[in-house]
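Structural overview
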Amino acid sequence: MCGITGYVGVKDATPVLINALKKLEYRGYDSAGIAVFDGQEILVRKSKGALKFLEQKLAKEIIRGSIGIGHTRWATHGEPSDINSHPHTDVSGSIAVVHNGIIENYVSLREKLEKKGFAFKSQTDTEVAAHLIHFYYEGNLLEAVSKALKDISGSYALAVLCDKQPDVIVAARKDSPLVIGTAKNEQFLASDVTALLEYTRDVYYVDDNEIVEIKKDSVKFYDNDLEPITKQTSHIDWDIDSAEKCGYEHFMLKEIHEQPAALRQTLSPRITKEKKIDISEIASDEILRSTERIVITACGTAYHAGIVGKYVIEHFARIPVDIDIASEFRYREPIFNPKNLFIIISQSGETADTLAAMRMAKKCGARIIAITNVAGSTLAREADAFMHTNGGPEIAVASTKAFTTQLMCLYLIALKLAELKGTISEENLSKAIKELETISAKAEIVLQDKKTIQKFASRTFNKKKAFFIGRLADYAISMESALKLKEINYTHSEAFAAGELKHGPIALIDTDTLVVAICTQRALFEKMDSNIKEVKARGASVLCITYENEHFFDDSADAVVHIPETFDEFTPLLSIIPSQLYAYYCSVQRSLDPDKPRNLAKSVTVE
Ligand code: M6R
């Protein structure tokens, strides 16, 4: 999704803006641009394609000034092109705007403005904002932006520059993330904190319907009617290294390798000295004990974590769990009562569909528990309670450590509910906790032996189709594995519940099909072995993921990858890792960039 940034201070703004845009690249974009006030006028440079093209332009057409705004665009309205790139200006070039989000009523606004004589250059929705602000400008940018926003419906994180007030940036937010970084004599703004970390760790999270006036030495917040709002800064305490590659070729590989540490960070603070689970941050024991039903909602990878969550909560705590994709849930008519818990999962905490689902559940009176990786995110702030996955920043578009840490949170919730509901014996609970404490070390073991996967990837990366099959939790992991391969290797990959093969999908199997069979549910080994034999007999190449020292599948599969022994319920924490690595190595074999797959954005902040 688009990334926005801004700077006002004492430094040369261009390198600061470019630097911040580089940090936002991971969000996905197809063009980039900046606008800087050079002392006389606002100069705009923009370019279709990668940031390096903008940098090349800036090397020839240098702009210097200590105030500016920047943007990486992920096209929604109008093709990726220089003209459609942001910043957009009014006709006189006096006002420049960068915007992340969608102005839903831009067609009618554009018609009205055109009738008043405003000439449009681009096909974007954003350009209406520049003209509207010009229309309302009467010497006060803050007031002009506030009036323009009253006409706009849709979502936005907006930053505006005006040559008549060259010491101020006005920014605003509704349903799109925005943070302001503050330091002595300089202020920064960006779509997320990773872009600011190099300069400051003190940030303000802008809330919906807030407008901010940012000057070199002040940050002032207002509501829609320009009533002042008092806000506190938050201090970011994670290390900048966590947002850098640290010697790994790609963020994705780094983040796959960070899973053992991330899992430890998720688990340890929630296990007491007495080896009990403490998740009091999400609800009192009383609330948890009286929970009669749970609804889990999320998108993409987080949704797959939710499916595992359903299995384990139902297995351990015997509480019925419904799971839904957020983009579907928000348009249904779900049924809730106050004894229902609504668990909403999102790495970024900013996904538009997920936020809409949460708000809808809230209106229905459900208690909302957010599992997210971003403490200051909208989801974390709007939910009734928030469980931090503690995974550290995830930069690669394809989610890896976010998934396993989300799973860890769900295991903790499942076991705590089981303890409170009395559906697990004390002995089995302490065995389960003990086992969870070994998972991080076991994840290290999976990561030590990558040769089989690398070799298999080099032989199969260009297969036309890839099917992931499994049963129970292995089916959920099949879905997540298929998504990984789809996202970064552009392979048509699908997950099938292994038992469903015969009901249709087996018709697709031929010699150009890769089948990855995830086999960690011991009671179902024989069934899985039959499925492997069925697809082998029809020409598929088969990779099997199962336990170490397990030879059940040696004769049926072409290659076998092992994970250490653990409880069958906990295998998702380990069995996903070979699939993540497989997708990564396939993508590298094809010379693709696994960190920035085509058409995808890290944080999907528009519907
Ligand atoms: O930030 P979120 O967890 O809400 O994001 C949800 C999905 O957009 C995300 O998981 C997406 O599917 C990833 N690219 C998967 O790798």
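Preceding block: the structure.
What comes next concerns the included structure. (Residues numbered from 1 in each chain as written. Predicted model: local features only at pLDDT ≥ 70, side-chain atom pairs only at ≥ 80, totals over all residues. Heavy atoms only, no water.)

Here the focus is the packing of helix H16 (residues 451–460) against helix H19 (residues 572–589). One way to put it is that H16 packs onto H19 with a least axis distance of 9 Å and a crossing angle of 45 degrees. Relative to H19, the element H16 is oriented oblique. Every pair of crossing elements has a handedness; the one defined by H16 and H19 is right-handed. Between H16, through Ile453, Gln454, Phe456, Ala457, Ser458 and Thr460, and H19, the contact on the second element is made entirely by Pro578, Leu581, Tyr582, Tyr585, Cys586 and Gln589. When its residues are assigned to classes, the contact of H16 with H19 shows eight nonpolar, four polar and no charged. (Axes fitted to C-alpha atoms, helices over the stretch in contact; angles between N-to-C directions. Helix = DSSP H or I, 4+ residues; strand = E, 2+ residues; numbered from the N terminus. Parallel < 35°, antiparallel > 145°, perpendicular 65-115°, else oblique. Left-handed = near helix turned anticlockwise from the far one by under 90°. Contact = heavy atoms within 4.5 Å. Nonpolar A, V, L, I, M, F, W, Y, C, P; charged D, E, K, R; others polar.)

At a minimum axis distance of 10 Å, the contact between helix H13 (residues 401–421) and H19 shows a crossing angle of 170 degrees. Here H19 runs roughly antiparallel to H13, going by the angle between their axes. Across the interface between the two elements, Phe403, Thr404, Leu407, Met408 and Tyr411 of H13 pack against Pro572, Leu573 and Ile576 of H19. Of the residues contributing to the contact of H13 with H19, the split by class is seven nonpolar, one polar and no charged.

Moving on, we come to the sheet that holds strand E23 (residues 513–518). Ordered in space as E22-E21-E23-E24-E25, the five strands form an open sheet in which the pairing is parallel. The open sheet has two edge strands, strand E22 (492–497) and strand E25 (559–563), and neither has a second partner. Here the strands of the sheet are splayed against their neighbours by 20 degrees on average, with no regard to which way each runs. Where E23 lies against strand E24 (residues 541–547), five bridges are found, and the strand directions are parallel. (Pairing = 2+ DSSP bridges.)

The buried count for E25 comes to four of five residues, which makes it a mostly enclosed element. In terms of strand pairing, E24 meets E25 through five bridges, oriented parallel. Paired with Ile545 across the strands is Val561, a residue of E25. (Buried < 20%, exposed > 50% of the residue type's maximum accessible area, 1.4 Å probe, protein only.)

The amide bond that connects His86 to the next residue, Pro87, takes the cis arrangement and shows omega of 0 degrees. Tracing the backbone through its elements, the reader meets Pro87 in the loop between strand E4 (67–73) and strand E5 (88–89). We note that Asn549 has phi near 60 degrees; this positive angle belongs to a residue other than glycine. By the element assignment, Asn549 lies in the loop between E24 and E25. Unusually for a residue other than glycine, Asn599 sits at a positive phi of about 65 degrees. As for its placement among the helices and strands, Asn599 is situated in the segment after H19.

In this section: the site of the ligand. The immediate surroundings of the ligand are formed by 15 residues, with Ser346, Gln347, Ser348, Thr351 and Glu487 found nearest. Between the ligand and the protein, one listed contact pairs an oxygen atom with a side-chain N or O atom of Thr351 at 2.4 Å. Lys484 has a polar side-chain atom sitting 3.0 Å from an oxygen atom of the ligand. At the level of secondary structure, the elements contributing two or more residues to the shell around the ligand comprise helix H9 (300–317) and helix H17 (473–489). Tallied by class, residues from the shell around the ligand come to six nonpolar, seven polar and two charged. Shared between two domains, the shell around the ligand takes at least three residues from each, and those domains are domain 2 (243–443) and domain 3 (449–595). (Near = heavy atom within 4 Å. Polar contact = N/O pair within 3.5 Å; in protein donor to acceptor, adjacent residues only side chain to side chain. Domains from an automatic or database assignment.)

Our next topic: the side chain of Thr513. Mapped onto the elements, Thr513 comes out in strand E23. Given a relative accessible area of 0%, Thr513 falls into the buried group. Among the polar contacts listed, one links the side chain of Thr513 to the side chain of Asp510, at a separation of 2.9 Å. Among all residues touching Thr513, those that are not within four sequence positions of it are Lys463, Lys465, Phe467, Leu508, Ala540 and Ser541.

A separate point is the nonpolar core. Counting 112 residues, the largest nonpolar core has Ile313 and Leu436 as its most contacted members. Considering every element that reaches this core, the biggest residue donor is H13, with 13 residues. Residue contributions to this core reach at least three from each of two domains, namely domain 2 (243–443) and domain 3 (449–595). If you look at the next biggest cluster of nonpolar residues, it comprises 30 residues, including Leu109, Phe120, Ile133 and Leu141. (Core = buried A, V, L, I, M, F, W, Y, C linked by side-chain atoms within 4.5 Å.)

What follows deals with helix H3 (residues 106–115). Inspection of H3 places Tyr106, Leu109, Arg110 and Leu113 among the buried residues, and these make up the whole buried set. Taken end-on, H3 shows its buried residues confined to a sector of 100 degrees, consistent with a single buried face. Exposed side of H3, more than 90 degrees from the buried face: Lys112 and Lys115 are the residues found there. Turning to H3, the residues buried within the fold contact helix H4 (127–136) and helix H5 (141–151). Among the residues trailing H3, Gly117 stands out with phi positive, at a value near 100 degrees. (Arc of directions from axis to C-beta.)

Here strand E2 (residues 31–37) lies mainly inside the structure; seven of its seven residues are buried. Where burial is concerned, the two faces of E2 agree: the one with Ser31, Gly33, Ala35 and Phe37 and the one with Ala32, Ile34 and Val36 are both buried. Where E2 meets strand E3 (residues 42–48), seven bridges bridge the pair, whose relative direction is antiparallel. When the sheet's bridge partners are listed, Phe37 is paired in E3 with Ile42.

Before going further, it helps to spend a moment on the sheet that holds strand E6 (residues 95–100). The antiparallel open sheet is built from seven strands, whose spatial order is E5-E6-E7-E8-E12-E13-E14. Both outer strands of the open sheet, E5 and strand E14 (228–229), are each paired with one neighbouring strand and no more. Alignment of strand E8 (residues 168–174) against strand E12 (residues 210–215), held across six bridges, turns out to be antiparallel. Across the sheet, residue Arg173 finds its bridge partner in E12, namely Glu210. Set on the sheet, H4 makes contact with E5, E6 and strand E7 (156–162); between it and E6 the angle comes to about 140 degrees. Against the sheet, H5 engages E7, E8, E12 and strand E13 (218–222), with an angle of about 145 degrees to E7.

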